[in-house]
Amino acid sequence: MSENMSNMKAPEYLAQAAVLLLFLEPESRCSRCFRGTVPVHARYHRPADCLSCLAPGDAGMLSLGQLSAECWEPAEVNTPCSSDTTSSCQWHTTKHTPVKLMLRVPVGHREHSSLVCALTLLTTGLCSGLILAAACKYGHFSQ
Amino acid sequence: MAGVGAALLAGLLARLALVLYGLHQDRTMRVRYTDVDYRVFTDAARLVTEGRSPYRRATYRYTPLLAWLLTPNVLLTEAFGKLLFVAGDLAAAVVAYRALRRRGTPAGRACGCCAAAWLLNPLPMAVSSRGNAEALVALLVLATLYWVEAGSVGKAAVCYGLAVHMKIYPVSYALPIALRLSAAPGRGALRDRAAKGTVMARLWHLLVTMLNRDVVLFGTLAGSVLVALTVAFYHLYGWEFLEHAYLYHLTRRDIRHNFSPYFYMLYLTAESKWSFALGLAAFLPQLLLLLVVSIAFYRDLAFSCFLHTAIFVTFNKVCTSQYFVWYLCLLPLVMPSIKMSWHRAVLLLSLWFMGQGLWLTPAFFLEFKGYNTYLFIWMAGLLFLLINSLIIVQIIAHYQKETQAAKKLKQQ
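Residues numbered from 1 in each chain as written. Chains lettered and ligands numbered in written order. Predicted model: local features only at pLDDT ≥ 70, side-chain atom pairs only at ≥ 80, totals over all residues. Heavy atoms only, no water.

A. Geometry of the overall build of chain B. Secondary structure summary: chain B contains 22 helices and zero strands in total. Computed over its C-alpha atoms, the radius of gyration of chain B comes to 22 Å, within 12% of the 22 Å expected for a compact globule of 412 residues. If you line up chain B on its principal axes, its C-alpha atoms span 65 × 60 × 50 Å. Within chain B, buried positions represent 55% of all 412 residues. Here the analysis covers contacts within chain B between residues at least 6 apart in sequence; of these, 72% occur between residues at least 24 apart. Roughly 18,500 Å² of accessible area belongs to chain B as shown, and the carbon and sulfur atoms make up 68% of that amount. With 39 positive and 18 negative side-chain charges, chain B shows a separation of 9 Å between the mean positions of the two kinds. (Helix = DSSP H or I, 4+ residues; strand = E, 2+ residues; numbered from the N terminus. Rg over C-alpha atoms; globule rule 2.2 N^0.38 Å. Buried < 20%, exposed > 50% of the residue type's maximum accessible area, 1.4 Å probe, protein only. Contact = heavy atoms within 4.5 Å. Areas by Shrake-Rupley, 256 points an atom, 1.4 Å probe, with all protein chains shown as cover. Lys, Arg positive; Asp, Glu negative; His and termini not counted. Charge placed at Lys NZ, Arg CZ, Asp CG, Glu CD.)

B. Quick look at helix α21 (residues 374–397) of chain B. Its 24 residues give α21(B) an end-to-end C-alpha distance of 34 Å, which sits within 8% of 34 Å, the value for a rise of 1.5 Å per residue. A large share of α21(B) lies buried, amounting to 17 of its 24 residues. (Expected span 1.5 Å × (residues − 1).)

C. Spotlight on the interface of chain B and chain A. Taken together, the contact pairs 54 residues of chain B with 40 residues of chain A. With both sides pooled, the region where chain B packs onto chain A buries about 4,200 Å², and carbon together with sulfur makes up 67% of that total. Looking at the side of chain B facing chain A, the largest losses of area belong to B:Arg256, B:Tyr267 and B:Leu268, adding up to 14% of the total buried there. Across the contact surface, chain B and chain A share zero salt bridges. Taken together, the elements giving at least two residues each to the side of chain B that touches chain A come down to α2 (36–49), α11 (188–192), α15 (263–268), α16 (275–297) and α21 of chain B. For the side of chain B that touches chain A, the element with the highest residue contribution is α21(B), accounting for 11 residues. A per-class count over the side of chain B that touches chain A returns 35 nonpolar, seven polar and 12 charged. (Buried area = accessible area lost by both parts, 1.4 Å probe. Salt bridge = Lys/Arg side-chain N within 4 Å of Asp/Glu carboxyl O. Nonpolar A, V, L, I, M, F, W, Y, C, P; charged D, E, K, R; others polar.)

D. Structural view of the UniProt feature "transmembrane region" (unreviewed entry) in chain B. All names here are of chain B. Mapped onto this numbering, the UniProt entry annotates "transmembrane region" (unreviewed entry) at residues 215–237, 274–298, 345–365 and 377–399. Structurally, residues 215–237 is divided into 100% helix and 0% strand, and its ends, taken at the C-alpha atoms, are 32 Å apart. As a span, residues 274–298 carries 92% helix and 0% strand, and end to end its C-alpha atoms are 36 Å apart. (UniProt positions renumbered as here; feature names shortened; annotations may be inferred.)

E. Fine view of the state of the cysteines. Throughout the structure, instances matching the rule amount to zero disulfides over all chains. A:Cys127 provides the cysteine sulfur closest to A:Cys136, a residue in no disulfide bond, and the two sulfurs are 16 Å apart. The exposure class assigned to A:Cys136 is partly exposed, which follows from its relative accessible area of 47%. Here B:Cys329 is not cross-linked by a disulfide; its sulfur's nearest cysteine counterpart is in B:Cys305, at 9.8 Å. Assessed through its relative accessible area of 1%, B:Cys329 is described here as buried. (Disulfide = S-S within 2.5 Å.)

F. Just the pattern of salt bridges, in detail. Residues and elements named next belong to chain B. Overall, the coordinates contain 10 salt bridges over all chains when judged by the stated rule. The residue Arg130 makes a salt bridge to Asp35 at a minimum N-O spacing of 3.5 Å. Of this pair, Arg130 sits in the loop between α7 (122–129) and α8 (134–150) while Asp35 sits in the loop between α1 (2–28) and α2, and the two are 95 residues apart along the sequence. For the salt bridge of Arg52 with Glu50, the shortest nitrogen-to-oxygen distance reads 3.1 Å. Salt bridges here are not isolated pairs; linked through shared partners, they connect Asp43, Arg46 and Arg57.

G. Geometry of the environment of B:Asn212. Secondary-structure assignment places B:Asn212 in the loop between α12 (199–210) and α13 (213–237). Among the polar contacts made by the side chain of B:Asn212, one reaches the main-chain carbonyl oxygen of B:Leu181 at a distance of 3.3 Å. (Polar contact = N/O pair within 3.5 Å; in protein donor to acceptor, adjacent residues only side chain to side chain.)

H. Summary view of the confidence of the model for chain B. All names here are of chain B. Overall, the prediction assigns chain B a mean pLDDT of 89, with 91% of residues at 70 or greater. Across residues 187–194 the pLDDT falls below 50, and counting only partners more than four positions away or on other chains, this stretch makes 13 contacts in the model. Confidence drops under pLDDT 50 across residues 403–410; counting only partners more than four residues distant or on other chains, this segment forms two contacts. With a pTM of 0.82, the predicted complex shows an ipTM of 0.86. (pLDDT = per-residue confidence, 0-100.)

I. Here's a closer look at the packing of α13(B) against helix α14 (residues 239–251) of chain B. Residues and elements named next belong to chain B. Direction vectors running N to C along α13 and α14 enclose 130°, while the axes themselves pass 7 Å from each other. As far as their axial angle goes, α14 and α13 are oblique. For the pair formed by α13 and α14, the contact residues are Leu226, Thr230, Phe233, Tyr234 and Tyr237 on the first element and Trp239, Glu240, Phe241, Leu242 and Tyr246 on the second. Among the residues forming the contact of α13 with α14, the class breakdown is eight nonpolar, one polar and one charged. (Axes fitted to C-alpha atoms, helices over the stretch in contact; angles between N-to-C directions. Parallel < 35°, antiparallel > 145°, perpendicular 65-115°, else oblique.)

J. Region of interest: unusual backbone geometry. The phi torsion at B:Thr59 lies on the positive side, around 70°, for a residue other than glycine. With respect to the helices and strands, B:Thr59 occurs in the loop between α2 and α3 (64–69).

K. Up close: the packing of aromatic side chains. Residues and elements named next belong to chain B. This structure, assessed with the given rule, holds 36 aromatic pairs over all chains. Connected via pairs of aromatic rings, a cluster forms that spans Tyr38, Phe41, Tyr55, Tyr60, Tyr62, Trp68, Phe85, Phe233, Tyr237, Phe241 and Tyr246. When the ring centre of Tyr248 is taken as reference, the NZ or CZ atom of Arg61 above it lies at 4.0 Å. Over the aromatic face of Tyr38 sits the side chain of Lys82, whose NZ or CZ is 5.5 Å from the ring centroid. (Phe/Tyr/Trp six-rings, centres within 6.5 Å; stacked < 30°, edge-to-face > 60°. Lys NZ or Arg CZ within 6 Å of the ring centre and 35° of its normal.)

L. Here's a closer look at a nonpolar patch on the surface. Nonpolar side chains collect at one region of the surface, where A:Leu126, A:Leu130, B:Met354, B:Leu358, B:Leu383 and B:Leu386 lie side by side and expose about 500 Å² of accessible area between them. Listing elements by their share of the nonpolar patch, those giving two or more residues are α1 (113–138) of chain A together with α20 (342–369) and α21 of chain B. Mapped onto the elements of the fold, B:Met354 is located in helix α20. (Patch = residues over 30% accessible without salt bridge, like charges linked within 9 Å, V, L, I, M, F, W, Y side chains within 5 Å.)

M. Fine view of α14(B). All names here are of chain B. If you check α14, its first and last C-alpha atoms are just 16 Å apart, much less than what 13 residues at 1.5 Å a residue would give, namely 18 Å. Residues of α14 that are buried: Glu240, Phe241, Leu242, His244, Ala245 and Tyr246. Buried residues in α14 make contact with α3, α9 (153–166) and α13.

Following this line, the structure appears as structure tokens:
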């Protein structure tokens with residue numbers, strides 16, 4: 001997944017879904033195991049959603065790449081082997097135990113809205129009044 | 001000249017050291033020194049070298065000129081852009097120094113102001129060495145003010161058009177520049193006539209007398225530069241150029257935490273029916289203050305623009321550290337006119353840093369530890385607004401242009 005695919009700064013509710021191609025490495029301690037790492041970037045979520053859960057998809061896909069072709073059914077998907085889009089690989093579905101991840105993301109509290117709006121506008125009004133008064137007192141409005 | 005050379009050398013060495021340190025930190029630590037925006041610039045430059053639009057890079061919201069300028073990031077070394085920004089810093093210091101000398105400031109004082117406020121100031125050092133392009137806009141703004149004061153309206157207009165193309169905020173300087181050009185020596189007769197009367201009458205008179213040859217020339221030339229660049233890049237990159245380079249900044253609503261006192265209010269009300277009204281309410285104080293300050297202080301263009309920028313940044317709906325560079329670059333020009341004791345100046349500076357520290361602490365816990373510190377960040381943002389406003393008020397109260405002080409002495 002390259003940075004070109006997704007606007008990392010957009011809040012969660014405006015973000016578009018993106019497909020992540022994760023290329024797993026063989027796990028050295030286990031002959032039939034593969035390992036991958038997924039970076040998680042927690043976007044801004046809507047206020048007052050106290051818990052947000054991120055769950056990866058239940059299905060994964062595995063490329064034929066380095067494995068014997070005899071044991072596999074015909075390929076289901078042709079898609080890039082890697083971020084280098086010049087070569088294409090054949091991908092098959094495979095079964096594995098899905099893992100649900102829970103991620104706690106801090107969000108704003110909606111019940112604070114009135115207080116925050118009132119105090120913010122009051123403070124900005126006060127500050128702009130102070131600057132205005134100083135400009136009128138010390139400024140040169142006539143020759 | 002030896003003093004200026006030494007200050008420039010010290011500024012250069014400090015910035016180069018930070019660039020080298022940045023390379024080390026990027027390679028060895030989890031938190032990168034280099035700003036994310038630099039990566040965006042470099043990716044956009046790579047696209048340009050491949051003959052593609054820089055706007056293929058998500059979040060590239062700048063002029064294509066910047067991507068073109070940074071193509072050596074791809075062709076030579078990725079650090080090229082940082083070195084360019086460092087050079088921009090130093091060039092800005094040179095222009096500020098020459099502007100001060102032109103205003104009659106003694107060489108030693110001018111050098112001291114440039115060194116203290118810009119060359120040896122850690123903030124512009126960090127901004128450039130991290131890969132932000134603010135130094136280039138600062139250089140163009142300073143060059144604009146220099147040429148206006150020197151009477152070269154054409155050169156000033158070209159620099160101004162380019163500055164506005166690169167960053168929209170210099171647009172706010174249009175009014176004080178126009179007032180300044182209309183108040184240049186030899187045009188006093190137009191000003192003096194009908195200067196009395198109601199506030200509205202005086203405002204109307206001011207607007208009418210603004211339209212003199214220099215103002216029209218400046219406006220026409222600056223507008224032509226801006227339009228030419230816009231048309232050329234629109235021809236090359238189409239609608240996405242207009243959308244990302246200009247329109248995005250005009251309609252931008254950033255709800256992520258930043259120094260702006262409005263951030264939490266905008267985040268909580270982002271999808272509310274009041275969102276538009278609140279956005280407008282946030283804009284009005286900024287607009288009113290900019291208008292009043294332009295009329296009150298246009299006779300000293302550097303001071304007027306400094307106040308403009310400080311107010312713009314302080315009351316903006318988005319405010320990050322690199323925005324401070326926008327007014328810090330003008331600080332050397334106004335320092336000689338601010339008659340303030342060292343104690344007061346140090347106190348205000350300490351308050352400014354303290355305000356940032358009080359904001360950065362809860363922000364760190366939110367970003368890196370995931371704690372819910374929104375209320376603390378918001379309160380720190382309000383406190384920072386109060387501190388900035390106090391500093392602006394103090395600067396206005398202690399502003400004393402040399403000629404004004406001399407006139408008062410004569411009258412006594």
